[in-house]
Amino acid sequence: MNERNIRVLEFPKILEMLAALAVTDPGREAARALTPSGDADTVRRMQAETEEAGTIIAYNGSNPMAWFTDVRGFLKLAKAGGTLSPKALLQVADVLKASRTVRNALVTDREDTPLLTELGSRLATNRALEEEIFDAIISEDEISDHASPELYDIRRQMRVLNDRVRDKLNGIIRSATMQKYLMDAIVTMRNGRYVVPVKAECRANVPGIVHDQSGTGSTLFIEPMGVVEAGNELKQWTIKEKNEIERILGAFSDRIAPDADLIANNLDLMARLDVIFAKAALSRQMRAVPPKLNEAGHVRLIQARHPLIDPMKVVPSTLWLGEDFTTLVITGPNTGGKTVTLKTVGLLSLMAQAGLQIPAAYGSELAIFDEIFADIGDEQSIEQSLSTFSSHMTNIVEILQSVTPRSLALFDELGAGTDPTEGAALAMSILSHLLKMKVTTMATTHYSELKAFALGTPGVENASVEFNVETLQPTYRLSIGVPGKSYAFEISRKLGLPEFLIEDAGERLSKDAVRFEDVIANAEYHRQIAEKERELAEQAHRETQKLRDEAEKLQRELAAKRETELRKAKDEARKLLQKAQRESEQIISDLKKQRSGGVKEHELHALRAQLQGAIDENSETIKSEAVGSVPTKLKVGDTVLLVNLNAKATVLTEPDAKGECTVQAGALKLKANMADMRTALPDKPEKPKGRQPAKGSGGSAYVGVSAREVQTECDVRGMSLEEALLAVDMFLDGAVLNKLSQVYIIHGKGTGILRNGIQQHLKKHPAIKSFRLGKYGEGEDGVTVAALK
């Protein structure tokens, strides 16, 4: 891409924003050096890398890049056989650590980031060398005692000698004899030797070697003769320490040298990855989206925003070209946003072709251009004797010489700066030439001739920036299909130009020009009205949609709540009736043991069948609610409804202090609490429809039970033997009530436990006449066929 066009469209400012988001110095340098590409495959790959980086940041919650510095100079020194300093080794270790960290973050099982996974897999690591360097080198100025066994031993010897020397010196300075010769009773160091400060006039009294003196010469720093030998030995160990450190640093340098090229390659990959993640971070900052890309010259920007304008003030633009028309002529008043529109298209195209996402709405599409040309701004030069027109024409000539059908050409005020008639003619000629070449072209102008040219030329379309006639302020909105008016008279009137001058200027316009401008103004006025009405209609539609969504949501919530409540009621009813069944079964069991009053066995079976039928019916739906309310007072003879049994009963005794009383429900006498009763009217006397009272029963009434519809089969497969026997009893009770002659009990073949247990039970059952195993077609050994009495 041409450097001048990149500069005119302010792409370097975008690169500075990108560099500010890079983590490392090499990454920032690479960001500032980023250039757009005209190769379609390269552009698509860069866009895919940016999208993958955004995915990783969203998944991890942060940028996975780690800090490092450029160590290429140190790597060259190591390859040449040089010894690296502790600082250099630490920085190399930082690069190795950063490479390992980034590789671990990128090389995962994720399937939606293949490009970055491949880049991460190319990072070389050497964790052993990295950790050894960090363990051996504490800082730029300090090597650990454990860097090597030899260094540890040397420093141990040095500590012993240091202690010995300091002990001797401390003895000297504490000596009453020596203190009078000392300037201060302290031990210090000069030139790596331990010394004491001695008064100059007492030099002869303190034998030893003078290593330094004060600025005034009044104090001499003397190493007493008694510690000179120990000092010499300490000096030798210090030299050994230095040599061992040099050996350690050299060893690390030698280990780095073979991997120098791999580490240098890591630096290049890490800088590239830093730029990629900076692109993703910039996209999040700009609320940018990945553009659709094509090579056909089609541009469709939806709600596109210039990235260098304050996001709170920028007015989004929607525009398209390259399909029905390849040339767009933008007109309108000054400061209305024409130039910004040109720069927005050019800058967003450069960003897309550099792998950056664009600040626009999803669905925006850009072409991949081989070059983006821009003649924008005034670059007149006094030194080169170039006027504004000459400067523009020089740029246009260069553009026409280099442009291809795959280029984007942007012209600001095409043909301006010279005679309007000639300038308009030149502009139309240039646009016609580019139209024949099918170059994607955008141009701004104030010339009415270019507006008419766009209206009458296929492949060329007018566009305008809106202007509020009432406030005389631009709205910065772009409208395609309608030419714009310059509003020179209206703006001049607002700025205070005398009215007589404006009227005089109007009289000097030709009638055709006035008529043309009036038509444009009228069309723009009606278009703005239609746009406002469309916005109102869309707002009403959105509100209607919102209300409908809320209504549907409320309906779903009510349906779910109703279903929940119904299910809860069914569960409560099932539990209630199961409790009643258990209590009644206990009563029936007691009656069997203490049968008196002539209660018949078949009547007990009938009562059991009635209870089971109530459970089955209420397990699916609650068909009726309890009648009446909980009674507050009861007397003998009152009729109540027993909720647990869903049967009417007569009160035989008055309630006690706990609210319990004896009631009779048919042949059953039982105790019940008033909380389990509901008030009920006594049965009206009517001709009995059911069974008559049993004779010889001591006058006890039979509970009138209507026969329940039952099946002729009872399936007990999967039950335990006890559960199966209970189910069979209930089933036989219903079969007796329905006067069935033959029934089928399905118990399956299995191990035979159910079959044997059921058949043993049937032998003792009073309602069974006979039974047999099923025949072919009836289920054979898996079914028992029973004949009823």
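Here, every reference points to the structure presented above.
Since this is a predicted model, take the numbers as computed values, not measurements.

Digging into a nonpolar patch on the surface
Piece 1. A contiguous nonpolar patch, built from Leu497, Phe500 and Leu501 and spanning about 290 Å² of accessible area, is present on the exposed surface.
Piece 2. One can find Leu497 in the loop between helix H17 (488-494) and helix H18 (499-508).
Piece 3. For Leu497, a relative accessible area of 38% puts it in the partly exposed group.

Considering the packing of aromatic side chains
Piece 1. Under the counting rule described, the total for this entry stands at 0 aromatic pairs.
Piece 2. Arg110 extends its terminal NZ or CZ atom over the ring of Tyr59, reaching a point 4.3 Å from the ring centre.
Piece 3. Positioned over the ring face of Phe221 is Arg190, at 4.1 Å from the centre of the ring.

A look at the nonpolar core
Piece 1. Counting 49 residues, the largest nonpolar core has Phe11 and Leu18 as its most contacted members.
Piece 2. Here the element with the most residues in this core is helix H13 (residues 338-353); it accounts for 7 residues.
Piece 3. In contact with Leu18, other than residues within four places in its own chain, are Ala31, Leu34, Val275, Ala278, Lys279, Leu282 and Leu356.
Piece 4. The next biggest cluster of nonpolar side chains, apart from the first, holds 43 residues, and it includes Phe68, Leu129, Ile133 and Ile143.

Concerning the environment of Arg678
Piece 1. Note on placement: Arg678 falls in strand E21 (residues 677-679).
Piece 2. Taking the C-alpha atoms as reference points, Arg678 and Pro631, 47 residues apart in sequence, are found 6.1 Å from one another.
Piece 3. From its side chain, Arg678 meets the backbone oxygen of Ala675 in a polar contact 3.3 Å long.

Thoughts on the packing of helix H6 (residues 86-106) against helix H12 (residues 260-286)
Piece 1. Interhelical geometry of H6 versus H12 gives an angle of 55 degrees and a closest axis separation of 10 Å. In terms of orientation, H6 and H12 fall into the oblique class. The hand of the H6/H12 crossing is left-handed. Across from Val92, Val95, Leu96, Ala98, Ser99, Val102 and Leu106 in H6, the residues of H12 making contact are Ile263, Asn266, Leu267, Met270, Leu273 and Phe277.
Piece 2. Class assignment of the residues belonging to the contact of H6 with H12 gives a composition of 11 nonpolar, 2 polar and no charged.

A short note on the pattern of salt bridges
Close approach of charged atoms allows side chains with opposite charge to pair.
Piece 1. A complete count under the given rule lists 27 salt bridges for this structure.
Piece 2. Ionic pairing is found between Arg155 and Glu241, a salt bridge with its closest N-O pair at 2.8 Å. Placement of Arg155 in helix H9 (residues 149-174) and of Glu241 in helix H11 (residues 225-256) is noted, with a sequence separation of 86 residues between them.
Piece 3. Note that Glu563 is salt-bridged to Arg567, the shortest N-O span being 3.5 Å. Linking Glu563 with Arg567, this pair stays in helix H19 (residues 511-593), spanning 4 residues, or about one helical turn.
Piece 4. Via salt bridges that share partners, Asp145, Arg155, Arg159 and Glu241 belong to a single interconnected network.

Rules used in this analysis
- All residue numbers refer to positions counted from 1 along the written sequence of the respective chain.
- With pLDDT at 70 or above as the cut-off, local features in this predicted model cover only qualifying residues; side-chain atom pairs require 80 or more to be listed or tallied, and sums for whole chains, interfaces and linings still use all residues.
- Values shown for side chains rest on all heavy atoms present in the structure; no hydrogens or waters enter the calculation.
- Patches in this entry comprise residues that are over 30% relatively accessible and not in a salt bridge; like charges within 9 Å are linked, as are nonpolar side chains (Val, Leu, Ile, Met, Phe, Trp, Tyr) within 5 Å.
- The method behind every accessible area is Shrake-Rupley, applied with a 1.4 Å probe, and residues are considered shielded solely by the protein chains displayed.
- Any Lys or Arg side-chain nitrogen found within 4 Å of a carboxyl oxygen on Asp or Glu counts as a salt bridge.
- In this description a helix means any DSSP run of H or I spanning at least four residues, a strand means any run of E spanning at least two, and both kinds are numbered starting from the N terminus.
- For the exposure calls, accessible area comes from a 1.4 Å probe over protein chains only, and a residue counts as buried if that area is under 20% of its type's maximum, exposed if over 50%, partly exposed in between.
- When two rings of Phe, Tyr or Trp (its six-membered ring) have centres within 6.5 Å they constitute a pair, described as stacked for plane angles under 30 degrees, edge-to-face for angles over 60, and tilted for the intermediate range.
- A ring has a charge above it when a Lys NZ or an Arg CZ is no more than 6 Å from the ring centre and no more than 35 degrees off the ring normal.
- We define a nonpolar core as any set of buried Ala, Val, Leu, Ile, Met, Phe, Trp, Tyr and Cys residues linked to one another through side-chain atoms lying within 4.5 Å.
- By definition, residues are in contact when any of their heavy atoms lie within 4.5 Å.
- Any pair of N or O atoms that falls within 3.5 Å is considered a polar contact. Within protein, one atom must be able to donate a hydrogen and the other to accept it, and sequence-neighbouring residues count only if both atoms are side-chain atoms.
- Whenever a helix is involved, its axis is fitted only over the stretch in contact; in every case the axis is a line through C-alpha atoms, and angles between N-to-C directions fall within 0 to 180 degrees.
- For classification purposes, angles smaller than 35 degrees are called roughly parallel, those larger than 145 roughly antiparallel, those between 65 and 115 roughly perpendicular, and all remaining angles oblique.
- Note on convention: the crossing is left-handed when the near helix lies turned anticlockwise from the far helix by less than a right angle, right-handed when the turn is clockwise.
- Each residue gets one of three labels, nonpolar for Ala, Val, Leu, Ile, Met, Phe, Trp, Tyr, Cys and Pro, charged for Asp, Glu, Lys and Arg, and polar for the others, Gly among them.

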